[in-house]
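Report on the structure
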Amino acid sequence: MKGYGLFFFVAEAFRGLRANSIVNLLAVGTISMAMLIVVFFLLVFLNLRPAVLSLGDRLEMSVYLKDGLSVGERDNLFARLKTEPGIKKITFLPKTEALGMFKKELKGHEALIQGLAGNPLPDSYELSIDPRAAHEQRLEALSKKIAEYPGVEDVAYGKRGAKILEGIYQWITYGGTALAILLGISVIFIISNSVRLALYSRGQEIELMQWIGATRGFIQGPFLIEGMMLSMLGSALAIGILASIFYLLPQDVVLFLSWPNKLDFLPPMAITSIILAGGILGFVGGYISVNRFLD
């Protein structure tokens, strides 16, 4: 088979694209709409992730100490806390400093604590939690474990905040994955049908090639590349549409959407990965269609 090779396959793929231009244009348009949803979700994820991580960075747990602990007992408790996974930083907060902070928070309402005799607040250790450990169940288990340590009066943390943070993580991770899988299957289906139409339109030519001894790979090659090209073109078009919308938005809208963090477009690595992923989906769709036709 003279001309058998990659360049021949690419040339044949271009010939197939021109021969079925209307069908292929519709396929590219449909793929771009599906991929636009995926790209938009990825853009939201990449911009929302720093905000979610910043919430995790601010998540703290307060370990309130019993009155009358010696320095040695506090040090032993500090050493035990350091061994616990998921704790990034431990800060000792004396009761006098805690009362001063409390008074600052009540600025303008000092009359509420004028009748207090002494300092009712305990000493405490303030624990900064690693965002990777900021799951409600893990935090609940950690707080119960620390509460049983000698010298610990009580443990408190932002339980509601941890639950919200975990919900955001789950929504982004599972929702985005499910959406990407669903739309990926849709792209494979679209490519499969487009390639199938191209196969039927060239049925006599394929039958002739089989008669003269063309291998299965020789017949498959152009259609697989055609599927890849359609899907990659649709993915690139989706990125182009979203980029146009992103950069044409009025500055006031961008500032509103980006608060409190800067709103960024997809990095080059993400763009490349999306286009390559589109090519893989196109290859799979073409492979399914060609194998069904040749079997």
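This text gives an overview of the structure that appears in the document. These numbers come from a predicted model, not from an experiment.

This part is about the overall build of the chain. Along the backbone of the chain there are 10 helices and 4 strands. Walking the chain from its N terminus toward its C terminus, one meets helices and strands in the order α-α-β-α-β-α-β-α-β-α-α-α-α-α. Across the 295 residues that make up the chain, the buried fraction comes to 38%. For the chain, restricting intrachain contacts to residue pairs at least 6 apart in sequence, the fraction spanning at least 24 positions comes to 84%. Surface summary for the chain: the accessible area is close to 17,600 Å², and the carbon and sulfur share equals 65%.

Quick look at the packing of aromatic side chains now. Scanning the model with the defined rule gives 6 aromatic pairs in all. Between Phe78 and Tyr125 the ring centres are 5.8 Å apart and the planes differ by 45°, which places this aromatic pair in the tilted class. Taken together, the residues span a long stretch of sequence, with Phe78 in helix 3 (residues 71–82) and Tyr125 in strand 3 (residues 124–129) at a distance of 47 residues. Pairwise contacts between aromatic rings join Phe78, Phe92 and Tyr125 into one cluster. The ring of Tyr149 carries Arg80 above its face, with NZ or CZ at 4.0 Å from the centroid.

Okay, the side chain of Glu126 next. Topologically, Glu126 is positioned in strand 3. For Glu126, which is buried and forms no salt bridge, the nearest opposite charge comes from Lys89, at a distance of 11 Å. Reaching out from Glu126, the side chain makes a polar contact with the side chain of Ser62 at a distance of 2.7 Å. At 2.9 Å, the side chain of Glu126 and the side chain of Ser124 are in polar contact. Each residue touching Glu126, except ones within four places of it in the same chain, is listed here: Glu60, Met61, Ser62, Lys89, Ile90, Thr91 and Leu93.

All right, on to the side chain of Ser143 then. Here Ser143 is to be found in helix 5 (residues 136–147). Accessibility expressed as a relative area gives 8% for Ser143, which makes it buried. Leaving out residues up to four positions away in the same chain, Ser143 has contacts with Met61, Val155 and Tyr157.

Before going further, it helps to examine the packing of helix 8 (residues 216–248) against helix 10 (residues 268–294). Their axes nearest at 7 Å, the elements helix 8 and helix 10 cross at an angle of 145°. Read as a crossing pair, helix 8 and helix 10 show a hand that is right-handed. Taken together, the residues of the contact of helix 8 with helix 10 sort by class into 15 nonpolar, 9 polar and 1 charged.

Moving on, we come to the nonpolar core. Of all hydrophobic cores here, the largest spans 38 residues; its most connected members are Ile206, Phe223, Phe265 and Leu266. When residues of this core are traced back to their parent elements, those giving at least two are helix 1 (6–19), helix 2 (21–57), helix 6 (159–201), helix 7 (203–211), helix 8 and helix 10. When residues of this core are assigned to their parent elements, the largest contribution, 10 residues, is made by helix 8. Other than its neighbours up to four places away in sequence, Phe265 contacts Leu43, Ile239, Leu242, Ala243, Phe246, Tyr247 and Ile271. Counting residues in hydrophobic clusters, the runner-up holds 18 residues, among them Leu59, Ile87, Ile90 and Tyr157.

This part is about the environment of Ile219. Note that Ile219 resides in helix 8. Judged by its relative accessible area of 3%, Ile219 falls in the buried class. The spacing of Ile219 and Leu294 is 75 residues in sequence and 9.2 Å in space, taken between C-alpha atoms. Dropping the residues within four chain positions of it, Ile219 is found in contact with Ile206, Met209, Gln210, Ala214 and Leu294.

What counts as what
- Residues numbered from 1 in each chain as written.
- Predicted model: local features only at pLDDT ≥ 70, side-chain atom pairs only at ≥ 80, totals over all residues.
- Heavy atoms only, no water.
- Helix = DSSP H or I, 4+ residues; strand = E, 2+ residues; numbered from the N terminus.
- Buried < 20%, exposed > 50% of the residue type's maximum accessible area, 1.4 Å probe, protein only.
- Contact = heavy atoms within 4.5 Å.
- Areas by Shrake-Rupley, 256 points an atom, 1.4 Å probe, with all protein chains shown as cover.
- Phe/Tyr/Trp six-rings, centres within 6.5 Å; stacked < 30°, edge-to-face > 60°.
- Lys NZ or Arg CZ within 6 Å of the ring centre and 35° of its normal.
- Lys, Arg positive; Asp, Glu negative; His and termini not counted.
- Salt bridge = Lys/Arg side-chain N within 4 Å of Asp/Glu carboxyl O.
- Polar contact = N/O pair within 3.5 Å; in protein donor to acceptor, adjacent residues only side chain to side chain.
- Axes fitted to C-alpha atoms, helices over the stretch in contact; angles between N-to-C directions.
- Left-handed = near helix turned anticlockwise from the far one by under 90°.
- Nonpolar A, V, L, I, M, F, W, Y, C, P; charged D, E, K, R; others polar.
- Core = buried A, V, L, I, M, F, W, Y, C linked by side-chain atoms within 4.5 Å.

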